[in-house]
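The lines below spell out each chain.
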Amino acid sequence: MEYILKNGIVYDPANGVNGEKKDIMFKDDKIVDSVSDNAKVIDVTDKIVMPAGVDIHAHIAGPKLVVGRLYRPEDSRRGVTQKTAHEKGESGFSIPSCPTTGYRYSRMGYGTVCEAAMPPLEAKHTHEEINTIPNIDVAPLPLFGNNWVVMEYAKENKIDELAAYVSAWLKLSKGYGIKIVNPCGTEAWGWGMNVHGYDDSAPYFDVTSRQVVRALTKVNEKLGLPHSIHIHPNDLGHPGNTGTTIETLASVKDIAKSTLPSASIRDQVMHCTHLQFHSYTGTSWKNAGSGAPDVAKFINHNKYLTGDVGQVTFDETTTMTADGPMEYDLYKLSGLKWANKDVECETGSGIIPCIYSPKNPVNTLQWAVGLELFLLINDPWQLCLTTDSPNGGPFIRYPRVISWLMSNKRRMEMIENREVHKWAEKRTTLATLDREYDFNDIAIITRAAPAKIDGYTDRGALTPGFKADIAVYDIKPNEFDPSRNPKEVEKAFSRALYTIKDGQILVKDGEIVQTKPSHTIWTNVTGLEDQEAKVIEDIMPFFKQYYSVKWSNYKVHDHYVPNPIKIDVP
Ligand code: MFN
Ligand code: ZN
Ligand code: ZN
C-alpha cells in the first residue's frame, strides 16, 4: 500500500527539517522518497508531522507492574472503558493493563518504548507481558548492576569474561542493552543496608559501585552495543545526592566510545536516567534545594553524557524500582502500603504509591528541579522527555510536560498564583528561566534524541528506508502560539490526528482504529560464542548452588518473542 501525507509542516530533526511544508510518503512499512500515482492521499495541510515518539525510559511490563496492579485495585479502577470494535476495555491510571499501555502510547503518537528494568530471572514473564502490549515496539533492558556474577568479575577487573557474560545474558534474556540500578545498593538491601557513595561497596562482595559501573561501561563499548550503559545512579531521592550523581557522570570520562559500526549512531558512553531524582542539595528534606544547575552544567560540558528527566507531574502514582532500599525510605516517610521483592542473585525491587501534591514543598521542589534540568541543559540532543513512568507520573502526562516546556507564561502563572508551593520559587532557579521549547526542540526530546541515544537505525526520523512510524498532531504551528495556549498543546499531543506504525494507520482523530502486535527489540552479539560457552561452564557450579531454578528453565526461548527485531552486533 502506498500513501502520501500531503502538505504537513514537518519536524524531522535528524534530517535537519525544522517546520518545512513537505509531503511524506510511505510504501508498506517503510518511508520512501516517491510513490506512484495510485498512492492514497492523506491531507494534513499545515498540521504538525513528526516521526513517531520514542520513549527511552518507562516501566511498562514485568513482575513489578503485576504486583502494582494486584495491590492497587484503586488504581486499576481508574480509567476504565468498555470494549470497542478495535480495543479491549482499558483499565488503570499509573499501572494500566498491558493492552491499555499500548493504546495510550499509540494515541499520543508514540511507536517505541524502552522497558527500563528487566530482571533476567524474570525475563520470560516480562516478555509474556510485552506480547500483550499492542501497537508499540518494546526494547527491554536487563538489569546487571547488582548481579553476583557481574560483581565478581568487576572486582577482579575481568573485562573479557564480563563481556562474554553480558553478551550471553542478552541472548538468554532477549534483552536490548545494559541497565544498572543503584549498583551494589540493591544487593546491600538484601542485608537491610544501602550504599550512598559511589565508592561504597556491597557487603561480602568487596566491590564498589564505581568498579561495577566502569567495568560494565568498558564491556558495553568493547561489545559495541547500539545503546550505551543506562544507569540509575546511587542515592536516588535523597537530599544531597548531587555529588554522587556528578561523580558517577564523571567516572567514565576516560572510557572511549566503541569504534564499531554498531555503536556509531550514538555519541554518549553513559545515559543517566531520571536525573531529576538525582539532583538535590541539602542534608535533609527540611533544607533541601536544587542541584539541577550543577548537574546541567556538568552535562553541558561533557558530550559523552545523555540523560532523561523523570519529571514529576503532581499525580497520585505508583512508584516501582529495582532500587529496593529507596522504596523502603519512601515507606518510612509516607507509611503507605509497600511491597518489596528479592530476585535471587540478580536484583530486587520495591513498589509504593506516591501522592505528589503541588501543595507539598518537597514535591514542588522535585517538579521545579525537573523543569530546571529541561531548561538548563542547552543541547536538546543530550536530553529526553520522561516521567520515569510511573515513578514521577504516568506517561499519559507527557503532553502536559510538553505544554510546560513550551510556555514560560504557564510556568510563571503556576508559581505566581501559588498553584504550586513557594519552594519552587524560593529554592530553585525556575522562576528566572524564560527559555521556551519550540516544536523542533519537542521533536528532538521526544523522538529524534531518544532514538539516537538508544542506538536505533530504523526509526526516530523520516528517512527513506526507515520504518513508516509517523505522528500527525492537530496543531497548525504557523498560526499558533504554544506559549499562550498550553491547554491546546496538551490536548493535541494527547490525541494524535494520526499515528502510523509500520505503515499502518493505528490512530485517527485521537481514537484507536486498528491494533497490531508489538515487536520486541533485542541485541544479538555474534562472534563470542566460544567465550560465552566458557563463561557459562565456569559459572555453572555457582548457578546450581545459588539459583532455585534449573538452568533449562532459565533461558527465554524463541517462542517467548514471537515478533523479534533482532539487532545483530558483529
Ligand atoms: C526512580 O523510583 C524512582 O522517588 C523514583 O516526601 C521514585 O513531610 C521511585 O515528612 C520523594 N517533608 C519535609 O521534610 C519537608 C520539610 C517540612 C517540614 O517538616 O518542616 N517543611 C515544610 O512542610 C515547609 C513548610 C514551611 C515552608 O517553607 O513553606 C517530608 C515530610 C518527602 C519529604 C517528606 N520526601 C520524598 C520525596 C523522593 C523520591 C518522592 C519520590 C521519590 C520515587 N526509579 O512562614 C513561613 O514561611 C512558613 C514556612 C512553612 C512552615 O513552616 O509552615 C526507577 O526506576
Ligand atoms: Zn530507575
Ligand atoms: Zn525508571
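See the structure printed just above.
Residues take numbers from 1 onward in each chain, read along the sequence in its written order. Here the convention is simple: chains get letters from A, ligands get numbers from 1, in the order in which they are written. Only residues with pLDDT of at least 70 are given local features in this predicted model, and only at 80 or more are side-chain atom pairs given and counted; all residues enter the totals for whole chains, interfaces and linings. Excluding hydrogens and water, the side-chain figures rest on all heavy atoms present in the structure.

A. Summary view of the nonpolar core. Only buried Ala, Val, Leu, Ile, Met, Phe, Trp, Tyr and Cys residues count toward a nonpolar core, and they belong to the same one when joined by side-chain atoms within 4.5 Å. Each residue gets one of three labels from its accessible area relative to the maximum for its type: buried under 20%, exposed over 50%, partly exposed in between, using a 1.4 Å probe on protein chains only. Tyr105, Tyr165, Leu216, Trp367 and Phe374 are the most contacted members of the largest nonpolar core, which totals 126 residues. Here this core gets 10 residues from one element, more than from any other, and that element is helix H6 (residues 159-173). With 20 residues, the next largest nonpolar core counts Ile31, Ile42, Ile470 and Val472 among its residues. Counting from the N terminus, the helices are DSSP H or I runs at least four residues long and the strands are E runs at least two residues long.

B. Summary view of the sheet that holds strand E18 (residues 383-384). For two strands to be treated as a pair, DSSP must find no fewer than two bridges joining them. One open sheet accounts for 5 strands, arranged E9-E10-E11-E14-E18; its pairing is parallel. The strands lining the two open edges of the sheet, one partner per strand, are strand E9 (179-181) and E18.

C. Summary view of unusual backbone geometry. Between serine 389 and the following residue, proline 390, the backbone shows a cis peptide bond with an omega angle of 0 degrees. Along the chain, proline 390 falls in the loop between E18 and helix H13 (398-406). In this model, tyrosine 204 sits at a positive phi of 70 degrees, which is unusual for a non-glycine residue. Relative to the helices and strands, tyrosine 204 is located in the loop between helix H7 (185-189) and helix H8 (209-223).

D. Just the coordination of the zinc ion (ligand 2), in detail. Coordination partners: N, O, S within 2.8 Å of the metal, 3.2 Å for Na, K and Ca; water not considered, so apparent gaps in a site are possible. Taken together, the protein ligands of the zinc ion (ligand 2) are His232 (ND1) and His274 (NE2), with distances of 2.1 Å. The distance between the zinc ion (ligand 2) and the zinc ion (ligand 3) is 3.2 Å. Note that histidine 232 is positioned in strand E10 (residues 229-232) and histidine 274 in the loop between strand E11 (270-272) and strand E12 (280-281), a separation of 42 residues in sequence. We note that histidine 232, like histidine 274, is buried.

E. The arrangement of the site of ligand 1 in detail. The criterion for a residue being near a molecule or strand is simple. One of its heavy atoms has to lie within 4 Å of it. Near ligand 1 there are 24 residues, and of these Lys286, Gln366, Asp388, His421 and Trp423 occur at the shortest range. Each polar contact in these results corresponds to two N or O atoms within 3.5 Å; when the atoms are within protein, one needs to be able to donate a hydrogen and the other to accept it, and residues that are neighboring in sequence are counted only if both atoms are side-chain atoms. For ligand 1, a nitrogen atom lies 3.2 Å from a polar atom in the side chain of asparagine 391. A distance of 2.8 Å separates an oxygen atom of ligand 1 from a polar atom in the side chain of tryptophan 423. Its free accessible area being 1,200 Å², ligand 1 has 66% of it covered by the protein chains. Where the shell around ligand 1 is concerned, the elements lending two or more residues are strand E15 (316-321), helix H11 (324-334) and helix H12 (361-376). At 4 residues, H11 tops the list of elements feeding residues into the shell around ligand 1. Residues that form the shell around ligand 1 fall into these classes: 11 nonpolar, 9 polar and 4 charged. Each accessible area is a Shrake-Rupley result for a 1.4 Å probe, and residues are judged covered by the shown protein chains and nothing else. The nonpolar class holds Ala, Val, Leu, Ile, Met, Phe, Trp, Tyr, Cys and Pro. Asp, Glu, Lys and Arg form the charged class, and all remaining residues, Gly among them, are polar.

F. Expanded view of the coordination of the zinc ion (ligand 3). Looking at the zinc ion (ligand 3), one finds its protein donor set to be His57 (NE2), His59 (NE2) and Asp388 (OD), positioned 2.0 to 2.1 Å from the metal centre. All geometry calls rest on donor angles, where a four-donor set with angles between 85 and 135 degrees is tetrahedral, four- and six-donor sets with opposite donors more than 155 degrees apart and all others between 65 and 115 are square planar and octahedral, and all else is irregular. Every donor counted, the 4 donor atoms about the zinc ion (ligand 3) form angles of 86 to 147 degrees at the centre, which fits irregular coordination. The sequence motif formed by the donor residues of the zinc ion (ligand 3) is H-x1-H-x328-D.

G. How the structure looks around the pattern of salt bridges. A carboxyl oxygen of Asp or Glu within 4 Å of a side-chain nitrogen of Lys or Arg is what we treat as a salt bridge. This structure, assessed with the given rule, holds 42 salt bridges. Note that lysine 501 and aspartate 137 form a salt bridge whose closest N and O atoms lie 2.9 Å from each other. Taken together, the residues span a long stretch of sequence, with lysine 501 in strand E20 (residues 498-501) and aspartate 137 in strand E8 (residues 137-142) at a distance of 364 residues. For arginine 484, the salt bridge goes to aspartate 481, with nearest N and O atoms at 3.9 Å.

H. Representation of the packing of helix H10 (residues 292-300) against H12 in the model. Axes here mean lines fitted to C-alpha atoms, for a helix over just the part in contact, with angles spanning 0 to 180 degrees between N-to-C directions. Between H10 and H12, the least distance of the axes is 9 Å, while the angle of their chain directions is 30 degrees. In this view, H10 runs roughly parallel relative to H12, as classed from their interaxial angle. Crossing of H10 against H12: the hand is right-handed. Contacts between H10 and H12 pair Ala292, Pro293, Val295, Ala296 and Asn300 from the former with Val369, Glu372, Leu373 and Leu376 from the latter. Split by residue class, the contact of H10 with H12 holds 7 nonpolar, 1 polar and 1 charged. Orientation labels follow simple angle bins: below 35 degrees gives roughly parallel, above 145 gives roughly antiparallel, 65 to 115 gives roughly perpendicular, and whatever is left gives oblique. Handedness of a crossing is defined here by the sense of rotation of the near helix relative to the far one, left-handed for an anticlockwise turn of less than a right angle and right-handed for a clockwise turn. We call two residues in contact whenever any of their non-hydrogen atoms come within 4.5 Å of each other.

I. Region of the structure containing helix H16 (residues 439-454). For a helix, the expected span equals 1.5 Å multiplied by the residue count minus one. For H16, which comprises 16 residues, the first-to-last C-alpha distance of 21 Å matches the rise-based estimate of 22 Å (1.5 Å per residue) to within 8%. Along H16, the sharpest change in direction is near 45 degrees and occurs at isoleucine 445. Along H16, 15 of the 16 residues are buried, which leaves the element largely enclosed by surrounding structure. Capping of H16 at its N-terminal end is provided by aspartate 438; its side-chain oxygen lies 3.1 Å from the backbone amide nitrogen of asparagine 440. Backbone geometry just after H16 places glycine 455 at a positive phi near 85 degrees. Fitting axes to the seven residues ending at a residue and to the seven starting there, one defines the bend at that residue as the angle between these axes.

J. Main features of the pairing of E10. Burial along E10 is two-sided: the face carrying Ile229 and Ile231 and the face carrying His230 and His232 are both buried. Two elements, E9 and E10, share 3 bridges in a ladder whose sense is parallel. Note on E10: the bridge partner recorded for valine 181 is histidine 232. In this sheet, E11 lies alongside E10 in parallel orientation, the contact comprising 3 bridges. Paired with isoleucine 231 across the two strands is cysteine 272, which belongs to E11. A clockwise path from the first strand over the helix to the second, with the strands pointing away from the viewer, defines a right-handed crossover. Regarding the hand of the β-α-β motif, the stretch spanning E10, helix H9 (residues 242-250) and E11 is right-handed.

K. Spatial organisation of the sheet that holds E15. As summarised here, the arrangement of the 3 strands in space is E15-E17-E16, forming an open sheet in which the pairing is antiparallel. The open sheet has two edge strands, E15 and strand E16 (339-343), and neither has a second partner. The mean angle between the axes of side-by-side strands here comes to 15 degrees, regardless of whether they run parallel or antiparallel. Where E16 lies against strand E17 (residues 347-355), 5 bridges are found, and the strand directions are antiparallel.

L. How the structure looks around the environment of cysteine 184. Mapped onto the elements of the fold, cysteine 184 is located in the loop between E9 and H7. Remark: the alpha-carbon pair of cysteine 184 and aspartate 206, spanning 22 residues in sequence, is separated by 9.8 Å. Each residue touching cysteine 184, except ones within four places of it in the same chain, is listed here: Gly145, Asn146, Met151, Val195, Ala202, Val207, Thr208, Ser209 and Val212.

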